[in-house]
Amino acid sequence: MRRLGLTLLLVLLPLIAASLLLGGYLNYASVRNTYLEMVGHRMETVARRIASDAQMALSMGLPLAGQDALERALVRESEADPDLASVDVVSSTGRILFSSDESRRGIDDAPDRAIAERRTVPIISAFETAEGTVVVRARRSAIDAALTRLEGTIGVAVGLALAIAALAVALVVLLAVRILYRRLTERGETSAGRAVPAEMLAVVDEVDEAHRAIAARLAATGAERTSAHASL
């Protein structure tokens, strides 16, 4: 019975562990994608707001390079979201005209995806020409830190679920093995005085009763035949 219980545990526990780990990974992947989409949507919303303001100024004849009021809007948007690294307005030549980060003003915009996640929205004039681009950058370190916290939380949840499931399976297997052992070892005596498993007692008694009835009929038939021969 111990070997049977151990065998069942060795079979069931890896299956449960694999199921929980797969579920945890799928849950992490789903939440991770949702989080990245949420961050991207937030960045695109900021970029569209700034692009809309710039396009309105363009429609009133104010060139992009002369829209100094954009500076305050960029700083305000950046301060409202601590995950943002910078909000930039880039000219059509790639030069950063305005930025929430003073150190980036006047330099060429270059993608740096290892440092920051980017979202861009073009600034279109009334004549359908691209006058520039709004570039919103989110700190890669902040995104990675949030994903690391998420991974840790899901890891703890999976670990607790695995421990609880292992304990529950061990208890169920122990109970099942004990019941099986009891059913196999518990014995009782039939009406004929034979020791058989207790759960088969009623069946064996019925078979014995049938055998006795058949034997009685055979004995009666034999007695009738003997009496008939004697009368002859």
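Just so we're clear, the structure is a prediction, and the values are computed from it rather than from any experiment. Position numbers for residues count from 1 along each chain, tracking the sequence in the order it is written. Totals for whole chains, interfaces and linings use all residues, but because this is a predicted model, local features are given only for residues with pLDDT of at least 70 and pairs of side-chain atoms are given and counted only at 80 or more. Values shown for side chains rest on all heavy atoms present in the structure; no hydrogens or waters enter the calculation.

K.L.:
Lay out the sheet that holds strand β3 (residues 116-124) with the relevant residues and their values.
P.N.:
The four strands lie next to each other as β2-β1-β4-β3, forming an open sheet whose pairing is antiparallel. In the strand order of this sheet, the two ends are held by β2 (96-99) and β3, each with one partner. The average angle at which neighbouring strand axes cross in this sheet is 25°, direction not considered. At least two DSSP bridges between two strands are needed for those strands to be called paired. Helix and strand assignments follow DSSP, with helices taken as H or I runs no shorter than four residues and strands as E runs no shorter than two, numbered in order from the N terminus. Sheet topology places strand β1 (residues 84-91) next to β2; three bridges connect them, and they run antiparallel. By the bridge assignment for β2, V90 is matched with I96. We call two residues contacting when some pair of their heavy atoms lies within 4.5 Å. Only the stretch in contact is used when a helix axis is fitted, and all axes are lines through C-alpha atoms; the angle between N-to-C directions ranges over 0 to 180 degrees. Most of the contacts of helix α1 (residues 2-59) go to β3, to which it runs at about 30°, and overall it touches β1, β3 and β4 (130-139). Its contacts with the sheet put helix α2 (residues 70-80) on β1 and β2, and the angle it makes with β1 is roughly 155°.

K.L.:
Report on α1, specifying residues and quantitative values.
P.N.:
The end-to-end C-alpha separation of α1 is 84 Å, in line with the 86 Å expected for 58 residues at 1.5 Å each. One or two steps after α1, the chain reaches G61, where phi turns positive at roughly 90°. The length a helix should cover is 1.5 Å for every residue beyond the first.

K.L.:
With reference to specific residues and values, describe the nonpolar core.
P.N.:
Nonpolar cores were defined as sets of buried Ala, Val, Leu, Ile, Met, Phe, Trp, Tyr and Cys residues, with membership established by side-chain atoms within 4.5 Å. Categorising residues by exposure relies on relative accessible area from a 1.4 Å probe, with only protein chains included: less than 20% of the type maximum marks a residue as buried, more than 50% marks it as exposed, and the intermediate range marks it as partly exposed. Of all hydrophobic cores here, the largest spans 29 residues; its most connected members are I50, V87, V89, I123, V134 and V136. Among the secondary structure elements, those contributing two or more residues to this core are α1, α2, β1, β3, β4 and α3 (140-185). Tallying contributions element by element places α1 first for this core, with 10 residues. Apart from the residues within four sequence positions on either side, I50 is in contact with L70, A73, L74, E77, V87, V89 and V134.

K.L.:
Pulling in residues and values, what's your account of the pairing of β4?
P.N.:
Bridge count for β1 against β4 is seven bridges, and the pairing is antiparallel. Pairing of S86 across the sheet is with R137, part of β4. Pairing of β3 with β4, which is carried by nine bridges, proceeds in the antiparallel orientation. Each residue of the ladder has a partner; that of T120, found in β4, is V135. Between the antiparallel neighbours β3 and β4 lie five residues, among them E128 with a positive phi of about 65°.

K.L.:
An account of the pattern of salt bridges is requested, with residue identities and associated values reported.
P.N.:
If charged atoms from side chains of opposite charge come close, those side chains can pair. When a carboxyl oxygen of Asp or Glu lies within 4 Å of a side-chain nitrogen of Lys or Arg, that pair is called a salt bridge. Applying the stated criterion to the full structure yields 13 salt bridges. For R105, the salt bridge identified is with E71, shortest N-O distance 3.0 Å. Remark: E71 occurs in helix α2 and R105 occurs in the loop between β2 and β3; sequence separation between them is 34 residues. Note that R137 is salt-bridged to D112, the shortest N-O span being 3.0 Å. With R137 in strand β4 and D112 in the loop between β2 and β3, this pair connects stretches of sequence that are 25 residues apart.

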